[in-house]
Every structure is written in structure tokens, then in C-alpha cells.
Amino acid sequence: MYFGSDNTGPVHPAVMEALVAANTGFTGSYGADPLMDQARNQLRDIFDAPQAEVFLVATGTAANCLGLACHCPPTHTIFCSPTAHIHEDECNAPEFYTSGAKLTLVGPDDKISPQALTRAIEAEGNRFPHGPARGPLSLTQATERGQIYTLDEIRALTAVAKSHDLSVHMDGARFGNALVALGCTPAEMTWRAGVDVLSFGGTKNGCMGVEAVILFDPARATEFQLRRKRGAHLFSKHRYLSAQMVAYLADDLWLTTAKQANDNMARLAAGLRKIPSVAFDYEPAVNMAFLTIPSALAKRLKAEGTAFNIMQGSPDTDDAVTIRLVTDWSIAAADIDRFLALAAG
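Counting restarts for each chain, with residues numbered from 1 along the sequence as it is written. Residues qualify for local features only when their pLDDT is at least 70, as the model is predicted, and side-chain atom pairs are given and counted only at 80 or more; totals for whole chains, interfaces and linings, by contrast, use all residues. The side-chain figures draw on all heavy atoms in the structure; neither hydrogens nor water molecules are used.

Asks: Before we go on, may I ask you to explain the pattern of salt bridges in this structure?
Replies: Opposite charge on two side chains permits them to pair, given that their charged atoms come into close proximity. One speaks of a salt bridge when a side-chain nitrogen belonging to Lys or Arg is within 4 Å of a carboxyl oxygen belonging to Asp or Glu. Taken as a whole and judged by the stated rule, the model has 16 salt bridges. Here D37 and R40 are joined by a salt bridge, their closest N and O atoms 3.0 Å apart. Residue D37 and its partner R40 are both found in helix α2 (residues 34-46); the two are separated by three residues, about one turn of the helix. A 1.4 Å probe rolled over the protein chains alone gives each residue an accessible area, and that area as a share of the maximum for its type sets the label: buried under 20%, exposed over 50%, partly exposed in between. For D37, a relative accessible area of 39% gives the class partly exposed. Taking the shortest distance from any N to any O, the salt bridge between E124 and R127 comes out at 3.1 Å. Relative accessible area serves as the criterion here: at 8%, E124 is assigned to the buried category. Assessed through its relative accessible area of 39%, R127 is described here as partly exposed. Only runs of H or I of at least four residues qualify as helices and only runs of E of at least two qualify as strands under DSSP, and these elements are numbered from the N terminus.

Asks: Could you clarify how one ought to interpret the sheet that holds strand β9 (residues 288-294) in this entry?
Replies: Across a sheet, paired strands are connected by hydrogen bonds in the backbone, their directions being either parallel or antiparallel. Two strands qualify as a pair provided DSSP detects at least 2 bridges between them. Strands sit in the order β8-β9-β11-β10 across an open sheet of four strands; the sheet is antiparallel. Every other strand in the sheet has two partners, leaving β8 (279-280) and β10 (309-312) as the edge strands with one partner each. Here β9 pairs with strand β11 (residues 320-326) via seven bridges, running antiparallel. Counted as the bridge partner of I293 is V321 from β11. The contact definition used throughout considers only heavy atoms, calling two residues in contact when any of these lie within 4.5 Å. Lines are fitted to the C-alpha atoms to define the axes, a helix being fitted only along its stretch in contact, and any angle between axes, read from their N-to-C directions, falls within 0 to 180 degrees. Running at roughly 115° to β9, helix α12 (residues 295-303) makes contact with β9, β10 and β11 of the sheet.

Asks: Which parts of the structure should I look at to understand the nonpolar core?
Replies: Nonpolar side chains in soluble globular proteins generally cluster together in the buried interior. One finds F200, I214 and M245 to be the most contacted residues of the largest nonpolar core, which totals 54 residues. Examining the composition of this core, we find that six residues originate from one element, helix α10 (residues 239-249), more than from any other. Other than its neighbours up to four places away in sequence, M245 contacts A39, Q42, L43, L56, F200, V210, E211 and A212. Each nonpolar core is a collection of buried residues, namely Ala, Val, Leu, Ile, Met, Phe, Trp, Tyr and Cys, held together in the definition by side-chain atoms within 4.5 Å.

Asks: Help me understand the packing of α2 against α10, please; the structure alone is not making it clear to me.
Replies: Two quantities define a packed helix pair, namely the angle between the helix axes and the distance between the axes. Closest axis-to-axis distance for the α2/α10 pair is 8 Å, and the angle between their directions is 35°. Considering the relative orientation of α2 and α10, their crossing is left-handed. Of the residues in α10, those in contact with L35, M36, Q38, A39, Q42, L43 and I46 of α2 are R239, S242, A243, M245, V246 and L249. Amino acid classes used here: Ala, Val, Leu, Ile, Met, Phe, Trp, Tyr, Cys and Pro are nonpolar; Asp, Glu, Lys and Arg are charged; the rest, including Gly, are polar. Split into classes, the residues belonging to the contact of α2 with α10 amount to nine nonpolar, three polar and one charged. In this scheme, a crossing is called left-handed if the near helix is turned counterclockwise away from the far one by less than a right angle; it is called right-handed if the turn is clockwise.

Asks: What am I meant to see in unusual backbone geometry here?
Replies: In most cases, non-glycine residues show a negative phi, while peptide bonds are predominantly trans. The omega torsion of the bond from F128 to P129 falls at 0°, within 30 degrees of zero and hence cis. Looking at the secondary structure, you find P129 in the loop between α6 (114-123) and β4 (133-140). Cis geometry is adopted by the peptide bond preceding A142, which originates at Q141 and carries an omega value of 0°. One can find A142 in the loop between β4 and α7 (151-163). Phi is positive for D251, which is not a glycine, with a value near 55°. Relative to the elements of secondary structure, D251 occurs in the loop between α10 and α11 (253-272).

Asks: Would you mind showing me how to read the pairing of strand β1 (residues 53-57) here?
Replies: Every other side chain in a regular strand lies on the same face of the sheet, so the side chains alternate between the two faces. With respect to burial, β1 is a largely interior element, four of its five residues being buried. Here β1 pairs with strand β7 (residues 211-215) via five bridges, running antiparallel. Its bridge partner being in β7, V54 is matched across the sheet by I214.

Asks: Help me understand the side chain of N205, please; the structure alone is not making it clear to me.
Replies: Along the chain, the position of N205 falls in the loop between β6 (197-201) and β7. Classification of N205 by relative accessible area gives buried; the value is 4%. Looking at N205, its side chain comes within polar contact range of the side chain of Y248, at 2.9 Å. Not counting residues within four places of it along the chain, the set of residues in contact with N205 comprises Y248, W254, T257, A258 and W329. In protein, a polar contact means a hydrogen-donor-capable atom and an acceptor-capable atom, both N or O and within 3.5 Å, with residues adjacent in sequence counting only if both atoms are side-chain atoms; elsewhere, any N or O pair within 3.5 Å suffices.

Asks: Sorry, what's going on with the sheet that holds strand β2 (residues 76-80) here?
Replies: With mixed pairing, the seven strands of this open sheet are ordered in space as β1-β7-β6-β5-β4-β2-β3. The strands lining the two open edges of the sheet, one partner per strand, are β1 and β3 (102-105). Sheet twist, expressed as the mean angle between neighbouring strand axes with direction ignored, is 25°. Two elements, β4 and strand β5 (residues 168-172), share four bridges in a ladder whose sense is parallel. Each bridged residue has a counterpart across the sheet, and for L137 the counterpart in β5 is V168. Against the sheet, helix α9 (residues 221-230) contacts β1 and β7, and its axis sits at roughly 10° relative to β1.

Asks: Would you explain α2 in this entry?
Replies: In an α-helix, one turn spans 3.6 residues; hence positions three or four apart end up facing the same way. Each residue after the first adds 1.5 Å to the expected span of a helix. Over its 13 residues, α2 extends 18 Å from the first C-alpha to the last, a length consistent with the 18 Å expected when each residue adds 1.5 Å. Residues of α2 that are buried make contact with β1, β6, β7 and α10. With its phi angle positive at about 50°, D48 sits one or two positions after the end of α2.

Asks: Please clarify how the pairing of β11 should be interpreted in this entry.
Replies: With six of seven residues buried, β11 is to be regarded as a mostly interior element. When β10 meets β11, the two strands line up antiparallel, connected through three bridges. Looking at β11, one finds that I310 is bridged to I323.

So yeah, pure geometry; function would need other evidence.
The structure is reproduced here in C-alpha cells:
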């Protein structure tokens, strides 16, 4: 009963088989392998973006920070949500990879509104030369609280950014989960909505460790390659990244695993709604839910061997705590039902 993170689950068998198949003979290094050519073409087709430049790295932090660094000089600031992964969970890596650009937090919650973004942009960039210049907007899709931006919301936010000549980055660590929830195309959720660079997640959705950076503006490609090398994220045995991405995209596996993860959360959420002592902090749109539950229930669930994160409060000192539950593609229905039985207990 593991609901701590979608990082804790296994690698999908198809991805593991692709790694084994790639582990024969000799091939080009540093991305000069035929599998990388295949992955690049797959992503260009999927996004209907034949001119896009595609690069692979092993972590989401590297994808976010290298992609942002191509759009943000050290004298600028990045606009993001206060719950964004680049703010809460990347140990100042954006500041490191941009050589000092700051983060400006927009609004009070995980979803940014156009009004809050406008206020934040207008509050920055007007203290020349004493304050930071305005830099890119970073959106997280799905958000770190399990919500999603609609296409209209993305378009409205990118319109604000573009009206100030700012580029837009999307942190898509759970891109597939958001896409299947919206039922749109990858192009509609990215470049056609005004996104310039995407961190396309694989690790949380069935891969061993691979993320794609998709630059819809190919003019940024040379800078990205230099930054990736300088930042120590260019793999010599690159084929093992490429093999994962090829398998992940083949036959829409990435959409299948994302739907499985979302469906697992829907099953879990449906059962939890029947328990009076459980309250949802956010309505789960993808494979992540935040709940407020009695401390006694949290203690009992932990004692029974369930894995989840306590985000706020302490079971030892507070009457209630906020917990996070995340489902991945591989969780068995029986484990979900067992957790629900214990929670209802």
C-alpha cells in the first residue's frame, strides 16, 4: 500500500525490456545513437512540432533548470507558483543553473491566476538597475497539489507573459497525467497555447530515469547543449536514456500508464469520499490527492504499513494532519481497496 510518491513504483516491463535490448554491441555516445534519433522524431510527431529540438536528461530538476536557464539570464527573475517544484524541491538549482536569477512567487496557491501574474510582473522590472529584470513564467502541469490548468487558463497566462515579452516554461513532470485528464493533444497544451519550452516527464510514469526537454524555439538548442554539458547532465552512454524514451512513447505507453495512475486515484478518491472524517483539500484531477484526516487515523494507517507523506501537522501533537496520497500506474486495485478498508475501519 504505497501512496507516498509515483517515484516509488517499478519500471514498466516494456521500458526495462528496451534497456536490456539496448545493452548489446556498440553505438554512438553523447546522444549520437540511432535510438535518440528515433526518440526525437517520436516526440516531434507527438507534439506536431517538426522544428522542435529535443534533448534528454535523467532528472526533472535538470530538465527544469537547464530549460529555464536558456530563457533566463542571471539578472532576471522567474515567475512561478509558491508550490512549484523549482521553488520547494530543487534546492536552489534554478538559481544555480541560471547563475543567480531569482524566483518571484506568484499568488498564494498552486495555480497562478492571470490577475496575480500581471501584478507580479508589473511589480518587477521597474527598479532598473537595482532590481531584477522580468524573466520567464514557469507553469506546473499538473500542479504540485494535483490540480490542472485548463487550456483556456494556460492561454490566458501565456498571453499575460507574451504581452510583456516573456517566454513560458512548463514543468511537465506529470504531463501525461494532465493530458489524459484534459483529453487534449500535446500541441494544444503546449506550443499552440504559448509554451516555449517543456520538461516532459517520464520517470514518474513508468521509466527508470529519463526526462525530455522540448524546445519549441529551435534557436535555443545550441545554448541548451552547452549548458547541459557544462552542468554535467550529458550522458556518455546516452543510449540508455534514449531506449527508455523510445519504449515510453511506443504504442502510446506513456498515455496508458498515465491513465492507469489517474484511474487508480479515482478509485481511491471515490472510496475516501465515503469516510466522514476525511476531507479533500483539493479535488484530485490527476493521480495525487491532499487530505485532512484525524491524527488517530494517520497513526493507525501508518501502523498497518501504509506509505504516505504527512505534509502538515504532527500525529503526536495535532488533532488533524494533512497528508498526500499519490498513485502510480502499477498499484493493484486490491491494495487500494485494502487501504480503504483500513481507513474506514
